[in-house]
Amino acid sequence: MLNIRQDFPNLKEKNRGKTLVYLDSAATSLTPTQVINCESEYYEKFGGSIHRSVYELGEKATNAFENSRKRIADFVGASKNSIVFTKSATESINLVAESWGYDNLNSGDVILLTDMEHHSNIIPWQVICKKTGAKIKYLRSTENGTINLEELKKSLDSNVKIVSITHASNVFGTINPVKEITNIVKKNGSKIMIDGCQSIPHMKVNVKDLDCDFYAFSGHKMFGPTGVGVLYGKEEILEEMQPYQTGGGIIETVTMTESTWTSIPHKFEPGSPMAAQVIALAEAVDYLEACLEKHDNFLNEYSLEKMKSIDGISIYGNASERTPIISFNIEGVHSLDLAHFLDYEGINIRSGHHCCQPLMQALDITACARASFYFYNNTEEVDYLVDKINKAIQVIK
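Residues numbered from 1 in each chain as written. Predicted model: local features only at pLDDT ≥ 70, side-chain atom pairs only at ≥ 80, totals over all residues. Heavy atoms only, no water.

1. A look at the environment of Gly77
Mapped onto the fold, Gly77 is located in the loop between helix H2 (56–75) and strand S4 (83–86). Separated by 27 residues in the primary sequence, Gly77 and Asn104 place their C-alpha atoms 27 Å from one another. When near neighbours in sequence (up to four residues on either side) are disregarded, Gly77 contacts Val205, Asn206, Val207 and Lys208. (Helix = DSSP H or I, 4+ residues; strand = E, 2+ residues; numbered from the N terminus. Contact = heavy atoms within 4.5 Å.)

Written out as structure tokens, the structure reads:
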């Protein structure tokens, strides 16, 4: 494994006066110096608005921006014109729900989701249902935190127009078999959208191999900057869709009474693009690929076994294929109290419903703690976490 900790300036910071142990990468990963410098370099060396300037500084910025689009397209096995930049995966899903959903959903149509979806893959569909008369149905996860593919098949019929599913759960850590799921959905004649926020940071993804219609992910969970997300969409589908946000940069012509749109992907990117963030995201992709090439599951397996040793712990999700996420509760200890206690030991974990309230209800809990690991974490930090959780149990109980 690469010795990458030196690339992350945050890890040199103190937390409540203690050495920082950052275990909340499923929410937002730390950012390496290479990406920080890349974004800073944009402001130092480039200038002008992307796609709008004929002078050299503007041309340099435009070229760097579009080269970044090509780099990110290559990263997920897509064509350049199928990559749309948004401000987040949340906006990407909203774009599909509004632009595709408004023209393709009608009263009686069904959107199929799972109960393990992040709120960002639920609420946009709820909103479009109110506008179109469509309705949402949910596929329930198993006790192991997995999807029953036979139940999926039974849930599909001619009314199901789109299935929108997470590639990897941000609570269970489950990696769903999305290629198999896509094949099942396609046989039904439905579209499929995949939320890749938790998968892209941990594995190679090829959207053409998956044959999905849409795939969304965020920069800030994969070493990249905040404020930038990606939507992949099949070109023939994007061509038919109308932009759900409008303004400068996406037009071909504008008159007093009507406007026409430019070609994809730019017709979905109104306003001045997030140029610095996109260029830095391409740098993050380079960094991530280098990590993925040397990745193994040792820390994932090590942390899970160590956590299981804690008395009174309940761990949610038991899939064989999973990302390094461990969501749990300790008997007699509220997850919020545990997170506060660990904070004063220098440990950052997440506590709450993790933007998955329907899943919390299905699990019959209101909240849980979550430790999520990334390439810069190590076994010493896992041991320290377990030691301090045991200390918290003694103090809080």
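What follows picks up the thread again.
2. As for the sheet that holds strand S6 (residues 135–139)
With respect to topology, seven strands assemble into an open sheet ordered S4-S10-S9-S8-S7-S5-S6, the strand pairing being mixed. Looking along the sheet, the strands with just one partner apiece sit at the ends: S4 and S6. Shown here is a sheet whose adjacent strand axes are inclined to one another by a mean of 20°, direction ignored. The strands touched by helix H3 (residues 89–104) are S4, strand S7 (160–166), strand S8 (191–195), strand S9 (214–218) and strand S10 (229–233); relative to S9, the strand with the most contacts, the crossing angle is about 150°. (Pairing = 2+ DSSP bridges. Axes fitted to C-alpha atoms, helices over the stretch in contact; angles between N-to-C directions.)

3. Some words on the nonpolar core
Within the largest apolar cluster, 73 residues are counted, with the highest numbers of intra-cluster contacts made by Tyr215, Met222, Phe223 and Tyr376. Top element by residues in this core is helix H9 (residues 275–293). It accounts for twelve residues. Apart from the residues within four sequence positions on either side, Tyr376 is in contact with Ile4, Arg5, Phe8, Leu11, Tyr22, Ser25, Ser29, Leu30, Phe223 and Glu381. (Core = buried A, V, L, I, M, F, W, Y, C linked by side-chain atoms within 4.5 Å. Buried < 20%, exposed > 50% of the residue type's maximum accessible area, 1.4 Å probe, protein only.)

4. Thoughts on the packing of helix H10 (residues 298–308) against helix H13 (residues 379–396)
Contact pair H10 / H13: the axes reach a minimum separation of 10 Å and the direction vectors enclose 15°. Classified by the angle their axes make, H10 and H13 are roughly parallel. Relative to H13, the crossing made by H10 is right-handed. Contacts from Phe298, Leu299, Tyr302, Ser303, Lys306 and Met307 in H10 reach Thr379, Val382, Asp383, Leu385, Val386 and Ile389 in H13. (Parallel < 35°, antiparallel > 145°, perpendicular 65-115°, else oblique. Left-handed = near helix turned anticlockwise from the far one by under 90°.)

5. Examining the pairing of S4
Going residue by residue along S4, you find Ile83 and Phe85 tucked away on one face and Val84 and Thr86 tucked away on the opposite face as well. For S4 and S10, the ladder comprises four bridges, and the chain directions are antiparallel. The residue of S10 that forms the bridge with Ile83 is Tyr232.

6. What about the pattern of salt bridges?
All told, the structure shown has 26 salt bridges when counted by the stated rule. Residue Asp211 is joined to Lys234 by a salt bridge in which the shortest nitrogen-to-oxygen separation is 2.8 Å. Taken together, the residues Asp211 in the loop between helix H7 (207–210) and S9 and Lys234 in the loop between S10 and helix H8 (235–240) connect sequence positions 23 residues apart. Overall, Lys234 belongs to the buried group, its relative accessible area being 14%. Through salt bridges with shared partners, a single ionic network connects Lys18, Glu345, Asp387, Lys388 and Lys391. (Salt bridge = Lys/Arg side-chain N within 4 Å of Asp/Glu carboxyl O.)

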